[in-house]
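# Coordinate inspection notes
Each chain, letter by letter, is given below.
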Amino acid sequence: MGLLERCTEEVGCAYLSDLRYLDTEERFRLAGAVEQIPPGDYSLAEWNDALDYLAGGAPAPSTGEAKQRLLLGLTRLRFQK
């Protein structure tokens, strides 16, 4: 299972595309789930895909940095709504 698919499952979305329409509580839950995923569980490409898809972030040079940027993006989006 890929990272985006795992995120879809963690939040309970029926479709991957539903991840773009998460409410504040779902974003918070997703950020908590992502926080528990070790960076080495997925490739840099998968982390960067998730970063781009969920937070609109530029690619990161490492899995750890991509994860941190994704968490920041999810949190930032959470407070912008």
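Our subject is the structure listed above.
### Some thoughts on the overall build of the protein chain
Of regular secondary structure, the protein chain possesses 4 helices and 0 strands. Reading the helices (α) and strands (β) of the protein chain from amino to carboxyl end gives α-α-α-α. In terms of overall dimensions, the protein chain has C-alpha extents of about 30 × 25 × 20 Å along its principal axes. When each of the 81 residues of the protein chain is scored for burial, the buried share is 37%. Long-range pairs, those at least 24 residues apart, make up 43% of the contacts in the protein chain between residues at least 6 apart in sequence. When the accessible surface of the protein chain is totalled, it reaches about 4,700 Å², and 51% of it is carbon and sulfur. The averaged location of the 13 negative side-chain charges in the protein chain is 7 Å from the averaged location of its 9 positive side-chain charges.

### Quick look at the packing of aromatic side chains
A full pass over the atoms with the stated rule returns 1 aromatic pair. Its end group placed over the ring of Y53, R20 keeps NZ or CZ at 4.0 Å from the ring centre.

Calculation rules
Residues numbered from 1 in each chain as written. Predicted model: local features only at pLDDT ≥ 70, side-chain atom pairs only at ≥ 80, totals over all residues. Heavy atoms only, no water. Helix = DSSP H or I, 4+ residues; strand = E, 2+ residues; numbered from the N terminus. Buried < 20%, exposed > 50% of the residue type's maximum accessible area, 1.4 Å probe, protein only. Contact = heavy atoms within 4.5 Å. Areas by Shrake-Rupley, 256 points an atom, 1.4 Å probe, with all protein chains shown as cover. Lys, Arg positive; Asp, Glu negative; His and termini not counted. Charge placed at Lys NZ, Arg CZ, Asp CG, Glu CD. Phe/Tyr/Trp six-rings, centres within 6.5 Å; stacked < 30°, edge-to-face > 60°. Lys NZ or Arg CZ within 6 Å of the ring centre and 35° of its normal.

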